[in-house]
Amino acid sequence: MAEDIQHNQKSNFNGLTKSAKSGASKKLTIKNFKDRPKLTDSYTEDTWMKLRDAVSAIQNSTSIRYNLEELYQAVENLCSYKVSPVLYKQLRQVCEDHVQAQIHQFREYPSSSLDSLSFLKRMNRCWQDHCSQTIMIRSIFLFLDRTYILQNSLLPSIWDTGLELFRTHIVSDGAVQSRTVEGILEQIERERNGETVDRSLLRSLLGMLSDLQVYKDSFEQRFLTETNRLYAAEGQRLMQERDVPEYLHHVARRLEEENDRVISYLDQSTQKPLITTVEKQLLGEHMNAILQKGLWMLLDENRVCELMLLYELLNKVKGGLTALLQAWRDYIKSFGGEIVSSPEKDKEMVQELLDFKDKMDHVTQRCFQRNDTFINAMKEAFESFINKRPNKPAELIAKYVDSKLRAGNKEATEEELERILDKIMIIFRFIHGKDVFEAFYKKDLAKRLLVGKSASVDAEKSMLSKLKHECGAAFTSKLEGMFKDMELSKDIMIQFKQYMQNQSDPSNIELTVNILTMGYWPSYTPMDVHLPTEMVKLQEVFKVFYLGKHSGRKLQWQPTLGHAVLKTEFKEGKKELQVSLFQTLVLLMFNESDECSVEEIRAATGIEDGELKRTLQSLACGKARVLNKMPRGKDVEDADRFHFNSDFRHKLFRIKINQIQMKETVEEQVSTTERVFQDRQYQIDAAVVRIMKMRKTLSHNLLVSELYNQLKFPVKPADLKKRIESLIDRDYMERDKENPNQYHYVA
């Protein structure tokens, strides 16, 4: 504010001097230079008396008896006749005498704290009067200021002289300065406590200290010390009294208030140390407490606004973002670890992981300003906690994909399904055991393709393309082979139908066969069952047809994957039953007999006991009960008997009976996992031989290091050691005779 006042005063002064100068110039053009009065001591004395009276009138706020132009001309006349040094000295003395007389009103002012505001007002009035007086005096003595004083670099200008005198005789007085600064600090503290203060008064007084060049020494250091003390106590108190969201909003409000003070009345140079002090005491000193007490709660409750504010505030503090980054990483590992490590949550694991990833992505985008460091930390944290539980997440992700790609999944449109698959791929990238995912994905894909459960061929191929892009062509080569087999099988069946039309003894059964290349598809345990004669005959016909076109190949039938459509008649009317081959064999028995025992069915069909009981369960204990079981119950026992349910009713014409035998059992899960581990052993062996063949001789540590670089799945040092021992036993490599930790390749 002091700067503004000074600027306005100078503007007024410029107007006055312009007027004075123009008047003087006009006067000189009328009179000849020789007509000027001859300066004598008496003239000089009289002229100075006029000027001194004018200065005294200005300082005492009384009317000036002389015209300003006349006074300006008088100064010009004196300066023209070399009286400038005396004139300057006398002017300074008059001003100094006047300023010295002002100090008494402040020294004698009552010292009560109640009078501090009136003291400040009096000081401000004195300063304002002094500035306006100095400007008026300078306008009269402008010629002196712009000639003699300007030519003498050691002499301060009239304005600077006025500042110097006020600083020396009033503001530099210890008692006056102390009381002024104390009063200003008291007003600022009142404002910080919520009271209304006169900001224009503070702006003027602080501008005065700045203009007098005592702002930093007399005020700023005291102000920053008091600020530090105030906010240190406030931070300690509020961290105990308030929760983190409320505290963060308070800090933001305080910082806004302090910035507003800088704009309103503090010097601009104070802004940086002031804001630094507030940030240090309200944020820096409590950074760890804020994060420990509030970050997890803010993330759990998805408090986007407060998280955004937390990031912005900690970004201002040294080390703030580093601490936030570590706390953020710890939260993700802890929360995600709970999702992955709880077996009872396995069914919801993948969906919870996807939801959690979406939530964390939203936080990084909205709250953490898409900071790459935070995004990378999130990825590292996800990769860390997902792989704390080996293999299971990979298996469950594969099953989750299966649930989305399976026919009957009406949850999503094609566009939504594509988005879901993209999200799944993000989670898939984090898992180390991608071979486990491949094994389970291949097994589920086989079921979808062979039993006709795939929801969309486009979606299947889209997922395959994503896997290929992520893991390379080698990863998806077998999966692509499965699709090729299905396409080739369609062509073969077209040819087979044409072949059957030319047969002299056509069959009543319409046979569809899928030709599967053994290396592409999951391995299935062979199971010999007793097929009806007509089925066996049809199989032989197909065998003759196929081997006639592809000599040298071997066909192996897989009854576990077969399914059929049976036509049957109930009291309600004709129906079609869509069933598995095992269900077909059981139901066909009831063409010959109305009632059968478990033992009779087992002997007639040749179905393995566990599979048989699951099949009977699906026919007699499920929703579509085409068989009745005696006695009633959910489980099938050896003593149970079954008879055909002619009273069966259903609203649909074609009824699909749940194929329980196609559901994955615990044994199948273990078997799939074991096959993955077996494949890993082969891969380790191949990698060891490949490395040793190239290096010939290598130490144990270097060999292990090379293996870690080449293998794409997690492996323990103990497992590597076992495979190395196995290769030594099989004479692929040998130990050095002198150094047991050195290996040699055996050609």
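Note that this is a predicted model, so its numbers are computed, not measured. (Residues numbered from 1 in each chain as written. Predicted model: local features only at pLDDT ≥ 70, side-chain atom pairs only at ≥ 80, totals over all residues. Heavy atoms only, no water.)

Re empty space enclosed by the protein
Empty space among the atoms can be located by rolling a probe the size of a water molecule over them. In the structure shown here, the tally under the stated rule is one cavity of 30 Å³ or more. Residue lining of the largest cavity: 15 residues in total, with Cys-95, Thr-134, Ile-137, Gly-162 and Leu-165 positioned closest to the centre. Of all elements in the fold, only helix 4 (84-107), helix 5 (116-140) and helix 8 (158-171) reach the threshold of two or more residues within the lining of the largest cavity. Ranked by the residues each element gives to the lining of the largest cavity, the list is headed by helix 4, at six residues. (1 Å grid on protein atoms, 1.4 Å probe; cavity = no way out; pocket = protein on both sides within 12 Å on 5 of 7 lines; lining within 4 Å. Points joined across faces, edges and corners; volume = space filled by probe spheres on them. Helix = DSSP H or I, 4+ residues; strand = E, 2+ residues; numbered from the N terminus.)

Here's the deal with the sheet that holds strand 2 (residues 574-580)
With mixed pairing, the three strands of this open sheet are ordered in space as 1-2-6. Looking at strand neighbours, the two that pair on one side only are strand 1 (563-569) and strand 6 (654-656), the edges of this open sheet. Mean inter-strand twist for the sheet, computed between neighbouring axes without regard to direction, equals 25°. In the sheet, strand 2 pairs with strand 6 via three bridges, with the strands oriented parallel. Paired with Gln-578 across the strands is Lys-656, a residue of strand 6. Strand contacts of helix 25 (residues 581-588): strand 1 and strand 2, with the helix running at about 130° to strand 2, the strand carrying the most contacts. (Pairing = 2+ DSSP bridges. Axes fitted to C-alpha atoms, helices over the stretch in contact; angles between N-to-C directions. Contact = heavy atoms within 4.5 Å.)

Examining the sheet that holds strand 3 (residues 595-597)
If you trace the three strands from one edge of the open sheet to the other, you get 3-5-4, paired in antiparallel fashion. Each of the sheet's edge strands pairs with one partner strand only, and the pair in question is strand 3 and strand 4 (627-630). On average, each strand axis in the sheet is tilted by 25° relative to the strand beside it, whichever way the strands run. Its contacts with the sheet put helix 26 (residues 598-605) on strand 3 and strand 5 (641-644), and the angle it makes with strand 3 is roughly 85°.

Comments concerning the confidence of the model for the protein chain
Of all residues in the protein chain, 90% have pLDDT values of 70 or greater, and the mean over the chain is 83. Mean pLDDT per element in the protein chain: helix 1 (residues 2-30) is the minimum at 34, and helix 13 (residues 271-282) is the maximum at 95. For residues 1-37, every residue scores under 50 in pLDDT, and the model assigns this stretch 49 contacts once sequence neighbours within four places are set aside. (pLDDT = per-residue confidence, 0-100.)

Some remarks on helix 21 (residues 434-450)
Taking 1.5 Å of rise per residue, 17 residues should cover 24 Å, and helix 21 covers 24 Å from first to last C-alpha, within 8% of that figure. Where helix 21 ends, the next residue or the one after it, Gly-452, has phi of about 70°, a positive value. (Expected span 1.5 Å × (residues − 1).)

Some points on helix 14 (residues 287-300)
The terminal C-alpha atoms of helix 14, which comprises 14 residues, lie 19 Å apart, in line with the 20 Å expected from a rise of 1.5 Å per residue. Taken as a whole, helix 14 has its buried residues at Met-287, Ile-290, Leu-291, Gly-294, Leu-295, Leu-298 and Leu-299. Of the residues flanking the end of helix 14, it is Asn-302, one or two places downstream, whose phi is positive at about 55°. (Buried < 20%, exposed > 50% of the residue type's maximum accessible area, 1.4 Å probe, protein only.)

A few points about the packing of helix 5 against helix 9 (residues 174-192)
Running from N to C, helix 5 and helix 9 cross one another at 115°; their axes reach a closest spacing of 9 Å. Both helix 5 and helix 9 take part in a crossing whose hand is left-handed. For the pair formed by helix 5 and helix 9, the contact residues are Ser-116, Leu-117, Phe-119, Leu-120 and Met-123 on the first element and Val-176, Arg-179, Thr-180, Gly-183, Ile-184, Glu-186 and Gln-187 on the second. Split by residue class, the contact of helix 5 with helix 9 holds six nonpolar, four polar and two charged. (Left-handed = near helix turned anticlockwise from the far one by under 90°. Nonpolar A, V, L, I, M, F, W, Y, C, P; charged D, E, K, R; others polar.)

Observations regarding the pattern of salt bridges
On inspection of all chains with the given rule, the structure shows 44 salt bridges. Here Glu-418 makes a salt bridge to Lys-466, at a shortest N to O gap of 2.7 Å. Of this pair, Glu-418 sits in helix 20 (residues 414-430) while Lys-466 is found in helix 22 (residues 457-471), placing the two residues 48 residues apart along the sequence. Among the residues examined, Glu-418 registers a relative accessible area of 29% and is labelled partly exposed. Accessibility expressed as a relative area gives 16% for Lys-466, which makes it buried. Salt bridges sharing partners connect three or more residues here, namely Glu-191, Arg-192, Arg-199, Glu-258, Asp-260 and Arg-261. (Salt bridge = Lys/Arg side-chain N within 4 Å of Asp/Glu carboxyl O.)

Examining the pairing of strand 4
Only one face of strand 4 is covered, namely the face carrying Leu-627 and Lys-629; the face carrying Asn-628 and Met-630 is uncovered. Note: strand 4 against strand 5, four bridges, orientation antiparallel. Bridging from a neighbouring strand, Asn-628 pairs with His-643 of strand 5.

A look at the environment of Trp-48
Here Trp-48 shows up in helix 2 (residues 41-59). Since its relative accessible area comes to 6%, Trp-48 is described here as buried. With 39 residues separating them in the primary sequence, Trp-48 and Leu-87 have C-alpha atoms 7.7 Å apart. Not counting residues within four places of it along the chain, the set of residues in contact with Trp-48 comprises Leu-87, Gln-90, Leu-91, Val-94 and Phe-141.

Overview of the packing of aromatic side chains
To describe a pair of aromatic rings, you give the distance between the ring centres and the angle between the ring planes. Counting across every chain of the model gives 30 aromatic pairs. Relative to Phe-374, the ring of Tyr-311 has its centre 5.7 Å away and its plane inclined at 70°; by these criteria the two rings are edge-to-face. In this pair, Tyr-311 is assigned in helix 15 (residues 304-314) and Phe-374 in helix 18 (residues 372-386), connecting sequence segments 63 residues apart. When its relative accessible area of 3% is taken as the criterion, Tyr-311 is described as buried. Under the relative-accessibility criterion, Phe-374 is labelled buried at 2%. Ring centres 6.4 Å apart and planes at 25° place the aromatic pair Phe-496 and Tyr-499 in the stacked group. Residue Phe-496 and its partner Tyr-499 are both found in helix 23 (residues 473-501); the two are separated by three residues, about one turn of the helix. An aromatic cluster is built from Trp-296, Tyr-331, Phe-335, Phe-356, Phe-382, Phe-385 and Phe-430, whose rings are joined through pairwise contacts. The ring of Phe-428 is capped by Lys-434, whose NZ or CZ atom sits 5.3 Å from the centre of that ring. Sitting above the plane of the Tyr-441 ring, Arg-448 keeps its charged end 5.5 Å from the centroid. (Phe/Tyr/Trp six-rings, centres within 6.5 Å; stacked < 30°, edge-to-face > 60°. Lys NZ or Arg CZ within 6 Å of the ring centre and 35° of its normal.)

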